[in-house]
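# Structural characterization, general
Single-letter residue listing:
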Amino acid sequence: MLTLRNSEARGHANHEWLDSHHTFSFSDYYDPSFMGFRALRVINEDRVAGLSGFGTHSHRDMEIITYVLSGQLEHRDSLGSVGVLRAGEMQRMTAGTGVQHSEVNREEEEVHFLQIWVLPERKGLKPDYEQKFFPREERQGGFRLVVSPEGKDGSLKVNQDVRLYSTLLSQGEKAGHTLAPGRHAWLQVARGVGTLNGVPVKAGDGVAVSDESKLELLASEPMEALLFDLA
């Protein structure tokens, strides 16, 4: 069963310096039908204007994944971590018992990114941070594992039974994935147009998947997408 979450139906907030679309309930946007999916709690598509950003703020008991599509985003946190995320780079921050961080665009150019929150396997984890670049050639034409519980194949390590894949598809290219029995999936389209098992999808759309074993993503225009394999 595939259930489409249309991009136009998402929550939206425009604060001039921040333009944000919320796949699930977040901040002032609340829809009891969209509180998350499995361990996924937040998928926000954010555009932050140049020379602006999120000042220092706190999180706890959440796995936070940031995926940059264009531009640059500087991260600083109370663990002493400092990093600049660019297109193709991802970070995973375990908020755990509590962490403070800031996310700032130091450039003139807008930064466009997805911010993802995943519920942790348990509360009270030790805060942690990691960042990694995944080259285009590793993601082109197939699903590249970028986040997993084991840190398999050079992926970032997350404290939850979720595996996140990234793909880049040229026009006419396909990427396939097999779900083990009892597993679920969420596809988030970042750019482009195509189909998932024949269901039309476009940039900003999400698709909840249950009771399916084989998934095939076909691009009718160049596409970038994330696929979550969830318990």
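About the thresholds
- Residues numbered from 1 in each chain as written.
- Predicted model: local features only at pLDDT ≥ 70, side-chain atom pairs only at ≥ 80, totals over all residues.
- Heavy atoms only, no water.
- UniProt positions renumbered as here; feature names shortened; annotations may be inferred.
- Helix = DSSP H or I, 4+ residues; strand = E, 2+ residues; numbered from the N terminus.
- 1 Å grid on protein atoms, 1.4 Å probe; cavity = no way out; pocket = protein on both sides within 12 Å on 5 of 7 lines; lining within 4 Å.
- Points joined across faces, edges and corners; volume = space filled by probe spheres on them.
- Nonpolar A, V, L, I, M, F, W, Y, C, P; charged D, E, K, R; others polar.
- Pairing = 2+ DSSP bridges.
- Axes fitted to C-alpha atoms, helices over the stretch in contact; angles between N-to-C directions.

Now for the UniProt feature "domain: Pirin N-terminal" (unreviewed entry) in the protein. In the numbering adopted here, UniProt assigns the feature "domain: Pirin N-terminal" (unreviewed entry) to residues 7–118. Counting secondary structure, residues 7–118 comes out at 0% helix and 59% strand; the distance between its end C-alpha atoms is 20 Å.

A volume near 270 Å³ is recorded for the largest pocket. In this structure, the largest pocket is lined by 18 residues; those nearest its centre are Leu 18, His 22, Phe 26, Asn 44 and Phe 54. Those elements giving two or more residues to the lining of the largest pocket turn out to be strand E2 (11–14), strand E3 (18–22), strand E4 (40–48), strand E5 (52–59) and strand E11 (111–118). For the lining of the largest pocket, the residue count by class is six nonpolar, nine polar and three charged.

Attention now goes to the sheet that holds strand E17 (residues 184–191). If you trace the seven strands from one edge of the open sheet to the other, you get E1-E20-E17-E22-E15-E13-E14, paired in mixed fashion. What marks the edges here is a single partner per strand, and that holds for strand E1 (2–5) and strand E14 (156–157). Where E17 meets strand E22 (residues 223–230), seven bridges bridge the pair, whose relative direction is antiparallel. Looking at E22, one finds that Arg 191 is bridged to Glu 224.

Moving on, we come to the sheet that holds strand E7 (residues 72–77). Pairing between the strands of a sheet comes from backbone hydrogen bonds, and it takes one of two forms, parallel or antiparallel. One open sheet accounts for four strands, arranged E5-E10-E7-E8; its pairing is antiparallel. Each end of this open sheet is capped by a strand with a single partner; those strands are E5 and strand E8 (82–86). On average, each strand axis in the sheet is tilted by 20° relative to the strand beside it, whichever way the strands run.

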